[in-house]
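Chain residues, written in single-letter form:
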Amino acid sequence: LHFVELEGRVQEAWAFLEKKSYLDAQKAVEALRKEVASLPAGREALKAEFENLERSFTRASARHEVDYLLTLADQHFQAQRFPDAGAALDSARARLDSLPKDAYADVHVRFHALGDVYDAQHRAFVDLLNTVRKSFVEKIQERYKEFHDLYGAKKTLEPAKIAHWN
């Protein structure tokens, strides 16, 4: 009876996946994972079915996320928000690795079409901008800590020192 219920829950998870209800599918897969792993010998068919479900869920959710990120990157690109476009493309690249090129060629082609243009025209500038921004923020944080330490030690903060950050 328990095995019949597990089989039903696996089929229910497949149904969620087919309906592209990824949050429900994720909950179902996570709930089934421990139970299926602890099945006794002789239930290899159910274990194999669950492994196929889990693999399909991973790929389907990755594709959905990559599609979303590529759409977001394209919107940022069109609005000339290149740092945001780069961040979306970098996130998409990380998820794209879990999608085989032959089975998901359309997603890979779309990624490379956007990514190649971004890399050729904008990546160097965005990287430079991010480096300058990081350096500036670190300098401000350094000076803030210095002032905070002086204030914490009950030392007088000289207005001239505050006015000149150099």
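Located above this text is the structure these notes cover.
Residues numbered from 1 in each chain as written. Predicted model: local features only at pLDDT ≥ 70, side-chain atom pairs only at ≥ 80, totals over all residues. Heavy atoms only, no water.

Student: Whenever I open this one, the overall build of the protein chain confuses me. Can you help?
Tutor: Secondary structure assignment for the protein chain yields seven helices and zero strands. Computed over C-alpha atoms, the radius of gyration of the protein chain comes to 26 Å, more than 25% over the 15 Å expected from 2.2 N^0.38 for 166 residues, which places it beyond the range of a compact globule. Looking at the 166 residues of the protein chain, the share that counts as buried comes to 28%. Once local pairs closer than 6 in sequence are excluded, the contacts in the protein chain between residues at least 24 apart make up 59%. Summing over all exposed atoms, the protein chain offers an accessible surface of approximately 11300 Å²; the carbon and sulfur share of this is 56%. Separation of charge centres in the protein chain, based on 25 positive and 27 negative side chains, amounts to 6 Å. (Helix = DSSP H or I, 4+ residues; strand = E, 2+ residues; numbered from the N terminus. Rg over C-alpha atoms; globule rule 2.2 N^0.38 Å. Buried < 20%, exposed > 50% of the residue type's maximum accessible area, 1.4 Å probe, protein only. Contact = heavy atoms within 4.5 Å. Areas by Shrake-Rupley, 256 points an atom, 1.4 Å probe, with all protein chains shown as cover. Lys, Arg positive; Asp, Glu negative; His and termini not counted. Charge placed at Lys NZ, Arg CZ, Asp CG, Glu CD.)

Student: Sorry if this is basic, but what is going on with the packing of aromatic side chains here?
Tutor: Both the distance between ring centres and the angle between the ring planes are used here to describe each pair of aromatic rings. Counted according to the given criterion, the structure contains one aromatic pair. Taken together, a centroid distance of 5.5 Å and an interplanar angle of 75° make the contact between Phe-77 and Phe-82 edge-to-face. One residue, Arg-43, lies across the ring of Phe-3, its end atom 3.7 Å from the ring centre. (Phe/Tyr/Trp six-rings, centres within 6.5 Å; stacked < 30°, edge-to-face > 60°. Lys NZ or Arg CZ within 6 Å of the ring centre and 35° of its normal.)

Student: How should I be thinking about a nonpolar patch on the surface in this particular structure?
Tutor: A grouping of Phe-136, Val-137 and Ile-140 is seen on the molecular surface, where their side chains present a nonpolar patch of about 260 Å² in accessible area. Inspection of the secondary structure puts Val-137 in helix α6 (residues 123–152). (Patch = residues over 30% accessible without salt bridge, like charges linked within 9 Å, V, L, I, M, F, W, Y side chains within 5 Å. Salt bridge = Lys/Arg side-chain N within 4 Å of Asp/Glu carboxyl O.)

Student: What exactly am I supposed to notice about the packing of helix α4 (residues 82–96) against α6 here?
Tutor: Helix-helix packing: each pair is described by the crossing angle between the helix axes and the interaxial distance. Taken N-terminus to C-terminus, the directions of α4 and α6 make an angle of 105°; their axes are 10 Å apart at the nearest point. As summarised for this structure, α4 and α6 are arranged roughly perpendicular, according to the angle between their axes. Within the contact between the two elements, α4 uses Phe-82, Pro-83, Asp-90 and Arg-93 and α6 uses Arg-123, Val-126 and Leu-129. Considered class by class, the residues forming the contact of α4 with α6 number four nonpolar, no polar and three charged. (Axes fitted to C-alpha atoms, helices over the stretch in contact; angles between N-to-C directions. Parallel < 35°, antiparallel > 145°, perpendicular 65-115°, else oblique. Nonpolar A, V, L, I, M, F, W, Y, C, P; charged D, E, K, R; others polar.)

Student: Got a minute to help me understand α6 in this structure?
Tutor: If you check α6, its first and last C-alpha atoms are 42 Å apart, about what 30 residues at 1.5 Å a residue would give, namely 44 Å. Buried residues of α6: Arg-123, Val-126, Arg-143 and Phe-147, and no others. Where α6 terminates, the next one or two residues include Lys-154, which has phi positive at roughly 60°. (Expected span 1.5 Å × (residues − 1).)

Student: Could you clarify how one ought to interpret the nonpolar core in this entry?
Tutor: The nonpolar side chains of a soluble globular protein tend to be buried with one another. Counting residues in hydrophobic clusters, the biggest one holds 19 residues, and the most contacted among them are Leu-70, Leu-89 and Leu-99. Broken down by secondary-structure element, the contributors of at least two residues to this core are α3 (44–78), α4 and α5 (105–121). Leu-99 has contacts with Arg-59, Ala-62, Arg-63, Val-66, Tyr-104, Val-107 and His-108, leaving out every residue within four places of it along the chain. Ranked by size, the runner-up nonpolar core spans 18 residues in total, among them Val-10, Trp-14, Tyr-22 and Leu-39. (Core = buried A, V, L, I, M, F, W, Y, C linked by side-chain atoms within 4.5 Å.)

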